[in-house]
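# Structural characterization, general
Listed here are the chains, written in short residue letters.
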Amino acid sequence: MTLQADSPASLPHRITRAVLAVAGALLLIDALVLMGMGHFNMGVVLPAILGTAALWLSWKWQAVKAWRAKKPMHARLWVLAWTGFAFWLLSLLWFWSRLFTLGLEPQQVPPVQSIVVLGSGTLNGHPRPVLAARLDTAAELAKLQPTAFIAVCGGVDWGEKESEAEIMARYLQQRHGIAADRLVLEKLSTSTELNIQLSRPLLAERGVAADAPVAMVSSDFHLMRAMNIASRQHLPQVYPVAAPTPLATRFNAWLREYFAMASSWLLGEV
């Protein structure tokens, strides 16, 4: 009498299908909820794709098993695909581990002459949650360093009538009582690179020297790329200040940044 390995009734078979189904459902639900909130980027689309693939694989497990057994090449392709996925997942976890170590708390920042708040996104004239977290962190730092100018950066987002900078400035004034004469509005940029580049001459007009110490406020996931860009622009004294990413979008944002960092590296931006 012989036992058939990985039969439909076997425990490993049921566990594998259950894990795929649960993981797929969680990834897909997460993506659909964020899409419903208007988020469409790689950090949202990829979980949707992976979740759909996991659910399909759980549903078609027996058919896939038969396909693998049909030809040796199919089995090798199966192993190769999962090996590639495992290496990608390890690289993602390594990247995320680097993000945990970046950034200072506002209380840890030495005296600076300016605080540069990098843009992120607005909706209906208000900062999105990620940008609001950056502004809240910048306001905390501004109160600790009352003589520092605050540069808010960002052009007009799609569907908006005001620039990010104008919306950010209003938020800081109304929510945190920041004086208007401390604010420097950079209203033209469309990228992190331009946020940093275009804010420098505006700060220079207010008497901030190019080599003066500056605190750069951005989300925890974004600081690695932002600091690399600042280094390429030869800013000598930049102190990175990390704003927390809202939990609802944290891992999606970190996933998106993984691909943004890779893209910036390929384009020579970092």
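Read on for a plain summary of the structure. Quick caveat: nothing in here was measured; it's all calculated off a predicted structure. (Residues numbered from 1 in each chain as written. Predicted model: local features only at pLDDT ≥ 70, side-chain atom pairs only at ≥ 80, totals over all residues. Heavy atoms only, no water.)

Right, let's talk about the sheet that holds strand β4 (residues 149-153) for a bit. The strand order across the open sheet formed by five strands is β5-β4-β1-β6-β7, and the pairing between neighbours is parallel. Each end of this open sheet is capped by a strand with a single partner; those strands are β5 (183-186) and β7 (238-243). The sheet shows a mean angle of 20 degrees between the axes of neighbouring strands, taken without regard to direction. When strand β1 (residues 114-117) meets β4, the two strands line up parallel, connected through four bridges. Bridging from a neighbouring strand, S114 pairs with F149 of β4. The strands that helix α5 (residues 129-144) touches are β1, β4, β6 (214-219) and β7; relative to β6, the one it contacts most, it runs at about 150 degrees. (Pairing = 2+ DSSP bridges. Helix = DSSP H or I, 4+ residues; strand = E, 2+ residues; numbered from the N terminus. Axes fitted to C-alpha atoms, helices over the stretch in contact; angles between N-to-C directions. Contact = heavy atoms within 4.5 Å.)

With that settled, consider the packing of helix α3 (residues 61-70) against helix α4 (residues 72-100). Two packed helices can be described by the angle between their axes and the distance between those axes. At a minimum axis separation of 5 Å, α3 and α4 run at an interaxial angle of 120 degrees. Relative to α4, the element α3 lies oblique. Contacts from W61, V64, W67, R68 and K70 in α3 reach H74, A75, L77 and W78 in α4. (Parallel < 35°, antiparallel > 145°, perpendicular 65-115°, else oblique.)

Here we come to the environment of I49. Structurally, I49 can be placed in helix α2 (residues 42-59). For the pair I49 and A31, spaced 18 residues apart in sequence, the C-alpha separation works out to 9.1 Å.

Further remarks concern the packing of aromatic side chains. For the structure shown, the criterion picks out 12 aromatic pairs. A network of ring pairs unites the aromatic residues W61, W78, W82, F85, W88, F95, Y258 and F259 as a single cluster. Geometry around W61 places R68 over its ring, the cationic atom sitting 5.7 Å from the centre. Looking at R68, its charged tip hangs above the ring of W78, at a distance of 4.6 Å from the centre. (Phe/Tyr/Trp six-rings, centres within 6.5 Å; stacked < 30°, edge-to-face > 60°. Lys NZ or Arg CZ within 6 Å of the ring centre and 35° of its normal.)

Glancing now at a nonpolar patch on the surface. A cluster of nonpolar side chains, W82, F85, F87, L89, L90 and L93, forms an exposed patch at the surface whose accessible area comes to about 580 Å². By the secondary structure assignment, L93 is in helix α4. (Patch = residues over 30% accessible without salt bridge, like charges linked within 9 Å, V, L, I, M, F, W, Y side chains within 5 Å. Areas by Shrake-Rupley, 256 points an atom, 1.4 Å probe, with all protein chains shown as cover. Salt bridge = Lys/Arg side-chain N within 4 Å of Asp/Glu carboxyl O.)

Another point: the pairing of β6. Burial analysis of β6 places six of its six residues in the buried class, which makes it a mostly covered element. Looking at chain direction, β1 and β6 are connected through four bridges and run parallel. Considered in β6, the bridge of V117 is made with V217. Where β6 lies against β7, six bridges are found, and the strand directions are parallel. The residue of β7 that forms the bridge with V214 is V238. Remark: the β6/helix α8 (residues 223-232)/β7 crossover connection has right-handed handedness. (Buried < 20%, exposed > 50% of the residue type's maximum accessible area, 1.4 Å probe, protein only. Right-handed = clockwise from strand over helix to strand, strands pointing away.)

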